[in-house]
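Next come the chains, spelled out residue by residue.
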Amino acid sequence: MIDDLITLDTDGDGISDAIAYWDENGLNYAYDTNLDGVWDMIETYSGFDEYGNPHHFEVQCDTDANGIMDRFVAADTDYYNNTVAYSEAYDYDQDGNFDMVKEFADTTGDGTFDTVTTARFDNTGSSETMAKVDSYVDYDGDRQKDAGFHSQILDYDGDGNPDSVRFTSTDPEGNIVEETEMPFEDYLAINEMDYSTSLLAQEPLDLGQFDPDTDASMVSGDPAEDMELWEYQGNTGRCAIYAQKFAIEAITGREIPIEELVAVAEENGWFVDSPDGGTTSLNMNKLLEYYGVEHEMSFGNEMSEIEDALNDGNKVIVGVDSGQIWFGDENDIFSPETTADHAVEVIGIDRSDPANPMVVLNDSGSPDGCGELVPLDVFENAWNAGDSQMIVCYA
Amino acid sequence: MDYKSLITELYAGIKKRPEVKAVIPMGYVPGYPVLTIRNEQLIVAVPFLRYKQTGEIDRTIVFPIRYVMEFVVPELTLVCFRDLSVEEAFADTDFDKGTGFFRHDAVKDLDRNGYAALRARVLAGFDIIVKSLVEDTVCDASKENAFKNDLQRAVEPSLLGYYKALDGDFYSKYLKK
């Protein structure tokens, strides 16, 4: 829940460039550092003591101003406000997964960092080493490495699942002192099931994106424009929140922070923010109502009704079976029962290749979901799995 | 009233029922039902759970049963809705965490269509059992055995504990090997 939103002019030029607000995470400051109308840096203070001093501090930055946060910093302080741990994380390729995390820690509490840990992740599946963690410890406080501890998570058979973990310790010169290796399942009791449901689990396939230069006369809707509003939901169950965000922003022209939408939806009981929670199909339009977007929700619809709505300049939200969208209809990969488990915005139907009509989606569930192209027949099957639900938002 | 295919018809339309659309979050699907007799009334309990496809063969993640809707037979009126996450018996269950993979060994030889045929056969088996219970007739033993075999094959082994917790009698009679 967001309380007491305050608008700030941090550089005194008479133009508002920041907001401050409280939510369940703590006290937040959101800055628009380049005045492009987008919050590109968010500071969060939490863990307040009885004197009002925060002991945890986080910063998220969108360093290239493309709307996706890509640099993350966190720091913890002790009772005397000495920094005891500091970490930085980077999502270089902006796929929603960290590529590098660096952490500095003061484990002895003498006010000096004595341990530096760097973790690098290969989320591409192109290398045998899926993750590599290097820690260096300065035991005597002379700011020199006294020992190194390294671990690698390895995927020997290239199936995308970890097979083994190798531990190495090194002396100050970097020579190996000891090396051991163990099956991944024995490592911190993380088994294959835990792994499969973790952040590192396999991402959906990249289905290809709509080309904004496509002949507009062959395309229903305005996908090129709507693609600009797409965002990735990461490892959350917020698809219906994002789908409504895209439509609300397209129709009202007003940008609404995702955390505000989540807070409103949670506060009203329309959404549970956990992987096993999400949204019921009858609650898929509640944020549209809340933000005053005129719309109509219905079930058992036909493709032609989506196409008509797009041709009329309206926005369309649907529920689909994500397995069929992302992984196709292979005969050996399926679930015992299908249903709509995912909300997306349909932003166009591309008939520029009449033999292969494609549905264009703004799909927040895939890192490649901006203008995602899905063959029309695959889309129809995935849509029918959920009683062909459609919400038409009137422009 | 014709009681020939009560369960098959219930499952054919269950996703369209307003109660389901109102309280079951997107992504949850009906698992195989449980038959219970309570206060001399036959109840069909429909469990709802999630599956998550990973894009790998036989690596579709099976999550724990989270919700149960109970319908009185033969009217199929909803009489009870349960969220197992708030029940004491399931306090230690992590509903975010997978409990197994699909396809399990017993159905690995079935492709999409083959599995759909098995599922239809299991639901038709439920129809036979329900019809005999509603009409208070003796169920043909060979048909009951065939149903048991199909049901035991179809239910994911990782969910058996949940079925046992939902109704020990049904589990003992139809699912326990």
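Structural data are supplied above this passage.
Here the structure is a predicted model, which means the values were calculated and not measured.

Reading the values: the criteria
- Residues numbered from 1 in each chain as written.
- Chains lettered and ligands numbered in written order.
- Predicted model: local features only at pLDDT ≥ 70, side-chain atom pairs only at ≥ 80, totals over all residues.
- Helix = DSSP H or I, 4+ residues; strand = E, 2+ residues; numbered from the N terminus.
- Buried ≥ 20, exposed ≤ 12 C-beta atoms within 10 Å, placed from the backbone.
- Contact = placed C-beta atoms within 7 Å.
- Core = buried A, V, L, I, M, F, W, Y, C linked by C-beta atoms within 7 Å.
- Axes fitted to C-alpha atoms, helices over the stretch in contact; angles between N-to-C directions.
- Parallel < 35°, antiparallel > 145°, perpendicular 65-115°, else oblique.
- Left-handed = near helix turned anticlockwise from the far one by under 90°.
- Nonpolar A, V, L, I, M, F, W, Y, C, P; charged D, E, K, R; others polar.
- Expected span 1.5 Å × (residues − 1).

What should I look at first to understand the overall build of chain B in this one?
Helix and strand content of chain B: 6 helices and 7 strands. Mapped from its N terminus to its C terminus, chain B presents α and β elements in the order α-α-β-β-β-β-β-β-β-α-α-α-α. Within the span of chain B, comprising 177 residues, buried residues form 35% of the whole. Of all intrachain contacts in chain B linking residues separated by at least 6 positions in sequence, the fraction that spans at least 24 positions is 60%.

Before we go on, may I ask you to explain the environment of B:Ala89 in this structure?
Residue and element names in this part refer to chain B. If you trace the backbone, Ala-89 turns up in the loop between β6 (77-83) and β7 (100-102). For Ala-89, a count of 9 C-beta atoms within 10 Å puts it in the exposed group. Remark: the alpha-carbon pair of Ala-89 and Ala-165, spanning 76 residues in sequence, is separated by 8.1 Å.

What is the right way to look at the nonpolar core in this model?
Soluble globular proteins tend to pack their nonpolar side chains together in the buried interior. One finds A:Ala243, A:Ala247, A:Val316 and A:Ile317 to be the most contacted residues of the largest nonpolar core, which totals 53 residues. Among the elements that make up this core, the one with the highest residue count is helix α3 (residues 239-252) of chain A (10 residues). The contacts of A:Ala243, once residues within four sequence positions are left out, are A:Ile317, A:Ala343, A:Val344, A:Glu345 and A:Ser364. If you look at the next biggest cluster of nonpolar residues, it comprises 40 residues, including B:Val20, B:Val29, B:Phe48 and B:Val62.

When you look at unusual backbone geometry in this model, what are you seeing that I'm missing?
Apart from glycine, the bulk of residues carry a negative phi angle, and the bulk of peptide bonds sit in the trans form. Residue B:Pro74 is bonded to the preceding B:Val73 through a cis peptide linkage, with omega at 10°. Counting through the fold element by element, B:Pro74 comes out in the loop between β5 (67-72) and β6. Look at A:Ser388: it is not a glycine, yet its phi comes out positive at around 45°. Among the structural elements, A:Ser388 can be located in the loop between α8 (376-384) and β20 (390-393). The class of A:Ser388 is buried, set by 20 C-beta atoms lying within 10 Å. Positioned with a positive phi, B:Asp58 is a non-glycine residue whose angle comes to about 60°. As for its placement among the helices and strands, B:Asp58 is situated in the loop between β3 (41-52) and β4 (60-62).

When you look at the packing of helix α3 (residues 112-135) of chain B against helix α4 (residues 141-154) of chain B in this model, what are you seeing that I'm missing?
When two helices pack together, their arrangement is given by the angle between their axes and by how far apart the axes lie. Residues and elements named next belong to chain B. Their axes nearest at 9 Å, the elements α3 and α4 cross at an angle of 135°. On the basis of the axis angle, α3 is oblique to α4. Both α3 and α4 take part in a crossing whose hand is left-handed. Along the contact surface, α3 presents Leu-118, Arg-119, Arg-121, Val-122, Gly-125, Ile-128 and Ile-129, while α4 presents Lys-143, Glu-144, Ala-146, Phe-147, Asp-150, Leu-151, Arg-153 and Ala-154. For the contact of α3 with α4, a count of residues per class yields 8 nonpolar, 1 polar and 6 charged.

What should I look at first to understand α3(A) in this one?
All names here are of chain A. Relative to the 20 Å expected for 14 residues at 1.5 Å per residue, α3 spans 20 Å between its end C-alpha atoms, a close match to the ideal helical length. With 12 of 14 residues buried, α3 lies mostly within the body of the structure. For α3, the complete set of buried residues consists of Cys-239, Ala-240, Ile-241, Tyr-242, Ala-243, Gln-244, Lys-245, Phe-246, Ala-247, Ile-248, Ala-250 and Ile-251. Looking one or two places after α3, you find Gly-253, whose phi comes out positive at around 75°.

Without other data, these values stay purely geometric and don't point to any function.
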